[in-house]
Amino acid sequence: MTAKKVTAIYFSPTKGTREYVCAIAKELDAEYTEINLTDREERAQEHFFGPDELVVIGAPVYYGRIPQVRGGLFGKLHGENTPAIFVVSYGNRAFEDALLELSDYCARQGFFGMGAGAFIAPHTFSARIGEGRPDEKDRKAVACLAEKTKECLESGKTAALGVPGNRPYREFQTVPFAPKGAKACNQCGVCVRICPAGAISKDNPRNTDKASCIRCLACVKECPQKARSVGGPVFAVAVKQLEGKLMKTRREPELFFAEKD
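All residue numbers refer to positions counted from 1 along the written sequence of the respective chain. Whole-chain, interface and lining totals are the exception, using all residues; otherwise, since this is a predicted model, local features are given only for residues with pLDDT of at least 70 and side-chain atom pairs are given and counted only at 80 or more. Think of the side-chain values as coming from all heavy atoms in the structure, minus any hydrogens and water.

The name given to the protein in an unreviewed UniProt entry is Ferredoxin, and the organism recorded there is Christensenella hongkongensis.

S.K.: Help me out: how do you make sense of the side chain of Arg133 in this one?
M.R.: For helices the rule is a DSSP run of H or I covering at least 4 residues; for strands it is a run of E covering at least 2, with both sets numbered from the N terminus onward. Among the structural elements, Arg133 can be located in the loop between β7 (111–120) and α4 (136–155). Among the residues examined, Arg133 registers a relative accessible area of 9% and is labelled buried. N or O atoms within 3.5 Å of each other form a polar contact, as long as, within protein, one can give a hydrogen and the other can take it, and as long as residues adjacent in sequence are counted only when both atoms are side-chain atoms. Within the structure, Arg133 has its side chain in polar contact with the backbone oxygen of Arg251 (distance 2.9 Å). The contact definition used throughout considers only heavy atoms, calling two residues in contact when any of these lie within 4.5 Å. Setting aside anything within four residues of it in sequence, one finds Arg133 in contact with Tyr20, Asn92, Ile120, Ala121, Pro122, Asp138, Arg250, Arg251, Glu252 and Pro253. A 1.4 Å probe rolled over the protein chains alone gives each residue an accessible area, and that area as a share of the maximum for its type sets the label: buried under 20%, exposed over 50%, partly exposed in between.

S.K.: Explanation requested: the domain arrangement of the protein in the structure shown.
M.R.: How big an interface is tends to be reported as the loss of accessible area on association of its parts. All domain edges in this entry derive from an automatic or database-based domain assignment. Considered domain by domain, the protein is made up of domain 1 (5–168 + 250–257) and domain 2 (180–230). Centre-to-centre, using C-alpha coordinates, domain 1 lies 27 Å away from domain 2. Interface area lost by domain 1 to domain 2 is led by Arg40, Arg70 and Thr124, which between them contribute 39%. Salt-bridge detection follows one rule: a side-chain nitrogen of Lys or Arg within 4 Å of a carboxyl oxygen of Asp or Glu. Our enumeration of links across domain 1 and domain 2 arrives at one salt bridge. Between Glu222 and Lys15 there is a salt bridge whose closest N-O contact spans 3.3 Å. Connecting domain 1 to domain 2 are six residue pairs in polar contact (both at pLDDT 80 or more). The nonpolar class holds Ala, Val, Leu, Ile, Met, Phe, Trp, Tyr, Cys and Pro. Asp, Glu, Lys and Arg form the charged class, and all remaining residues, Gly among them, are polar. Broken down by class, the residue content of the side of domain 1 that touches domain 2 amounts to six nonpolar, four polar and four charged. Joining two parts hides part of their accessible area as seen by a 1.4 Å probe, and the buried area is that hidden amount summed over both.

See the structure below:
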């Protein structure tokens, strides 16, 4: 089978996952299309895919899981026995149950995995962790994932894709700090628009709803005035500890493929 259409689908607040998902899709079809589930309006739309299409679906890893966003991430995606490649990216720590969770979720929505990959991207809390990724070795892994998945698809393999992880998934954890705006905030609305969780009020954008915030820090990275940040000693200590642990060892991409029938 040859896919008549390839679609890159991603939730990627700081664009690390998007880079990998789109690179894989491009290897498969230079004219691939994109669906950006980071955008709340796009995420609310229904999307349908047939058995003769191929989708590349990706999300970042937060605390060993896929992000827990109110309303869910992939509930509006509907496959019809649609082949898929599952992708997670993480900040050089571990992807734990995230890839399995993504695979399970998409299977319930009508997609079956032909290939999967866990890749390293800059860490949400410190760009020093995973700095420069993806690099040449990562891009070779991207090409390998695309090529071998294409071979699996063309050979007609239908066996289940096996990926590591545990059920039940690890308990989802969060951190006590969240970004907020400073006096330099001019209420331009950029943070309100790009927040994937809708945690920033248009009326008072300096504040953040901690219950909704997923700590992706997209608002911090994209604020034109550099007026948003995560302050306080707890965050500073956490970043220092993460850098001390995660910059010692370089993790490499891990790839998985459908087995023979």
